[in-house]
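An overview of the molecular structure
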Amino acid sequence: MPIRRLAETTINRIAAGEVIERPAAAVKELVENALDAGSTRIEVILAGGGIERIEIIDDGCGIPAEELPLAIERHATSKLQDEALVQISTLGFRGEALPSIGAAAKLTLISRPAGQDGAWRIDVAGGAITAARPAAGLKGTRAIVEDLFYATPARRKFLRSPRAEAEAAERTVWRLALCAPHVAFRLVSDERVLFDLPAQPEAARVAALFGREAAANMMPLEAQRDEVKLSGLIGPASLNRATTQLQSFVVNGRPVQDSLLKLALRLAYRDVIPAGRHAVAALRLELPDEALDVNVHPAKSELRFADQNGVRSLVIGAINRALAQPVSLGTAPSATLPSLALRPPPSAGPRYSLPPAPSRAARGFAEAELALAAPPAARPAFDIQAPAPAAPATGHPLGAPLAQILDTYVLAQAPDGALVIVDQHAAHERLTEERLRAQFQEGRIATQPLLVPVVVDLPAMEAARLLGETETLARLGLEIEPFGPGAILVRAVPAALKDPDAAGLLRDLAEEFAEAGAPLALEAKLDAALARLACHRSIRAGRRLQREEIDALLREMEATPRAATCSHGRPTFLKLTRADLEKLFGRSG
Ligand code: ADP
Ligand code: MG
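To keep things clear, this report deals only with the structure shown in the data block. Since we're looking at a predicted model, the values are computed, not measured.

A few words now on the side chain of Arg555. Here Arg555 lies in helix α19 (residues 547-559). Side chain to side chain, Arg555 and Asp551 meet in a polar contact 2.8 Å long. Setting aside residues no more than four positions away along its own chain, Arg555 makes contact with His396, Leu398 and Gly399.

Structurally, the position occupied by Val280 is in the loop between α9 (259-269) and β13 (281-286). As a C-alpha pair, Val280 and Leu233 span 47 residues in sequence and 8.6 Å in three-dimensional space. Beyond its immediate sequence surroundings of up to four residues, Val280 is in contact with Phe210, Met218, Ile234, Gly235, Leu239, Arg241, Leu246 and Tyr269.

In this section: the site of ligand 1. Within the structure, ligand 1 sits among 21 residues, and Asp58, Thr77, Ser78, Lys79 and Gly95 are positioned closest to it. Within the side chain of Asp58, an N or O atom sits 2.8 Å from a nitrogen atom of ligand 1. When isolated, ligand 1 has an accessible area of 530 Å², and the protein chains bury 93% of it. If you list the elements that add at least two residues to the shell around ligand 1, you get α2 (23-36) and α4 (97-104). Ranked by residue count, the leading element in the shell around ligand 1 is α4, at 3 residues. Across the shell around ligand 1, the residue classes break down as 10 nonpolar, 7 polar and 4 charged.

It is worth spelling out the pattern of salt bridges at this point. Considering all chains together, one arrives at 20 salt bridges under this definition. Between Glu165 and Arg22 there is a salt bridge; the shortest N-O distance is 2.8 Å. Placement of the pair is Glu165 in helix α6 (residues 162-179) and Arg22 in the loop between α1 (8-19) and α2, with a sequence separation of 143 residues. The structure contains a network of salt bridges with shared partners spanning Arg53, Glu55, Arg142 and Glu146.

The antiparallel open sheet is built from 4 strands, whose spatial order is β16-β17-β18-β22. Of all the strands in the sheet, the pair left with one neighbour each is β16 (400-405) and β22 (573-576). The average angle at which neighbouring strand axes cross in this sheet is 25°, direction not considered. As judged from the 5 bridges shared by β16 and strand β17 (residues 409-413), these two strands associate in the antiparallel manner. Across the sheet, residue Gln404 finds its bridge partner in β17, namely Val410. Strands β16, β17 and β18 (419-423) of the sheet are contacted by helix α14 (residues 424-441), whose axis makes an angle of about 70° with β18. Lying on the sheet, α19 is in contact with β16, β17, β18 and β22; it crosses β16 at an angle near 120°.

Another point: the side chain of Gln116. One can find Gln116 in the loop between β3 (106-112) and β4 (119-125). A relative accessible area of 17% means that Gln116 is categorised as buried. Here Ala65 takes part through its backbone nitrogen, which lies 3.0 Å from a polar atom of the side chain of Gln116. What Gln116 contacts, discounting residues up to four positions off in sequence, is Ile63, Pro64, Ala65 and Ser111.

So, about the pairing of strand β7 (residues 184-189). When you tally the buried positions in β7, you get 5 out of 6 residues, the bulk of the element. Looking at chain direction, strand β1 (residues 41-47) and β7 are connected through 6 bridges and run parallel. By the bridge assignment, Glu43 is partnered in β7 with Arg186. Looking at chain direction, β7 and strand β8 (residues 192-197) are connected through 5 bridges and run antiparallel. In the sheet register, Arg186 faces β8, and the bridge partner there is Asp196. Hairpin remark: β7 followed by β8, antiparallel, with 2 residues in the connecting loop; positive phi at Asp190, about 45°.

This next bit is on the pairing of strand β5 (residues 128-135). Looking along a regular strand, one sees side chains alternate from face to face of the sheet. Summarising the sheet, β4 and β5 pair through 6 bridges and their orientation is antiparallel. In the sheet register, Arg121 faces β5, and the bridge partner there is Arg133. Joining the antiparallel neighbours β4 and β5 is a turn of 2 residues, in which Gly126 adopts a positive phi near 55°.

When the terminal C-alpha atoms of α19 are compared, their 19 Å separation across 13 residues agrees well with the 18 Å that a helix rising 1.5 Å per residue should span. Buried residues of α19: Ile550, Leu553, Leu554, Arg555 and Met557, and no others. Structurally, α19 contributes buried residues whose contacts are with β16, β17, β18, α14 and β22.

Here we take up the nonpolar core. Counting 61 residues, the largest nonpolar core has Leu109, Phe185, Phe195 and Phe210 as the members making the most contacts within it. Considering every element that reaches this core, the biggest residue donor is α6, with 8 residues. The contact partners of Phe195, leaving out residues within four places of it in the chain, are Val173, Trp174, Ala177, Phe185, Arg186, Leu187, Leu209 and Met461. Grouped together as the second largest cluster of nonpolar side chains are 34 residues, Val228, Leu265, Ile273 and Leu285 included.

A word on the packing of aromatic side chains. Centre distance and the angle of the planes are the two values used to describe a pair of aromatic rings. The tally for this structure, following the rule as stated, stands at 1 aromatic pair. Of note, Lys106 hangs over the ring of Tyr150, and the distance from its end group to the ring centre comes to 4.9 Å. A cation sits over an aromatic face here: Arg171 above Trp174, 4.9 Å from the ring centre.

On to the packing of α6 against helix α7 (residues 202-210). As a packed pair, α6 and α7 sit with axes 9 Å apart at the nearest point and diverge in direction by 160°. If you check the angle between α6 and α7, you find them roughly antiparallel. Considering only the axes of α6 and α7, their crossing is left-handed. Across the interface between the two elements, Trp174, Ala177 and Leu178 from α6 touch Glu202, Arg205, Val206, Leu209 and Phe210 from α7. Looking at the contact of α6 with α7, its residues break down into 6 nonpolar, no polar and 2 charged.

Rules behind the numbers
- Residues numbered from 1 in each chain as written.
- Chains lettered and ligands numbered in written order.
- Predicted model: local features only at pLDDT ≥ 70, side-chain atom pairs only at ≥ 80, totals over all residues.
- Heavy atoms only, no water.
- Helix = DSSP H or I, 4+ residues; strand = E, 2+ residues; numbered from the N terminus.
- Polar contact = N/O pair within 3.5 Å; in protein donor to acceptor, adjacent residues only side chain to side chain.
- Contact = heavy atoms within 4.5 Å.
- Near = heavy atom within 4 Å.
- Areas by Shrake-Rupley, 256 points an atom, 1.4 Å probe, with all protein chains shown as cover.
- Nonpolar A, V, L, I, M, F, W, Y, C, P; charged D, E, K, R; others polar.
- Salt bridge = Lys/Arg side-chain N within 4 Å of Asp/Glu carboxyl O.
- Pairing = 2+ DSSP bridges.
- Axes fitted to C-alpha atoms, helices over the stretch in contact; angles between N-to-C directions.
- Buried < 20%, exposed > 50% of the residue type's maximum accessible area, 1.4 Å probe, protein only.
- Expected span 1.5 Å × (residues − 1).
- Core = buried A, V, L, I, M, F, W, Y, C linked by side-chain atoms within 4.5 Å.
- Phe/Tyr/Trp six-rings, centres within 6.5 Å; stacked < 30°, edge-to-face > 60°.
- Lys NZ or Arg CZ within 6 Å of the ring centre and 35° of its normal.
- Parallel < 35°, antiparallel > 145°, perpendicular 65-115°, else oblique.
- Left-handed = near helix turned anticlockwise from the far one by under 90°.

This is how it looks when you write it as structure tokens:
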């Protein structure tokens, strides 16, 4: 075949695959256009996860009638003043989004700049343009996208379910709303108002989008290194979550999902948050345009810092300093976020946190060795010198209890003389899960109505997501119902959970469901929920156990299949045989 130039429509369809790989990407481009247009108010309305319809209404500068055809032409942009691509202060600049969307879907733009008599409208469908014509419309721009990827069925096949796509698109608007607190934002998805926020100070925006409880505990942070400025809000270690969803990074006004920043955050919290849990943070970086390349990826969500080490250590250093502050928001340095400083200090002690124990046990012998060498301050629950109550019965492979140390690990002596170290939380969590699972399979999970129903505040999106799972949860004995925006009323809990921390439980469940993205098969949902429930009723690390309790724990572990690992796959116990001990002491050759 001879070489030939591709038709414009084909080029746009190819580009569409790159820039607009799913509805969330189209939403991002359109909202960014609205922000670039200097809007003070942006409304996003989604139907069917954005696959059916996306509508974005702004009150920005508008597009003059004569420029409407240009707006949907490839590489046509009003934004790129600096063609060297160094100083890019707008969110868009490639002039690719609208033509790409127009190639893959049905796109309508209705726009009216200030000073123009009326609004004008232009339509593109599968790349075919209808001439611009007058229409009704207010100042600003309305962009409507329908039937995304109807013109590119191959793409359409790769879309996930409407719920999963909605989740991603909603999350995108959530991030953009965090970027631009000075702009009023309203998000409606399948007729549910997920948020409706006025222009507000940054701390108030974070509070609204992270949920009241998170916001009340987050602390302001500010730091600068050379020309790089860092600001934002971070959660105390106790506010950790099951996923990274409550992490937002804004760089020069742009929402980013940057791996360097994510890693820096993880490192900063590494020693205070258990493995598998994630910090809560809303961070904003401002740096000179020259110190940043945003033109790395078509979706512009990744970037490259000129001074990577500098940025990394700025973030880690600032967080470490903030975490080391005494827990009083009143004294935390806060020049830019005064409203937060007025919040009451967090209640003493974490309201909800996972013990750091399981991760440590998983690190293996080296750590076990350390735990054994702990200073005498960590007094065993009962005297470690005391003789074992009886010779361990041979029928009990985990042996007889010796002691509990650090209020976290149980020591026992196995019949073969080996030292058994049990992570009490991990072990108990597994036992509980297995018990709940058995109850569920036998159809006898009992529900315990709460005398006083509990109201739990959640970020609106999480509340909506959980309410979508009302039936699944009911099957597990957890009864919830809507209670106003962002609030859920808990009426009953599984009877197996004594004194559950309802707020923590619901939050974790919401994240568990969200993390999975696509609506899980019922089976998988129940599975995930069971594991969560188990975790919530388990003995915490840091609780002193009676000898009887330890004995009961060991015996139940022996009787339970799959008791050797916790539900996160980490070991529940380690066994140090004579050979292991000899090796550790350098006795063996
Ligand atoms: P880019 O944002 O990279 O310039 P787009 O294809 O997204 O490219 O948009 C093309 C042009 O259309 C923009 O440069 C801008 O002039 C105009 N435009 C698009 N959306 C809007 C809007 N909501 N308000 C005002 N102008 C807009
Ligand atoms: Mg754009």
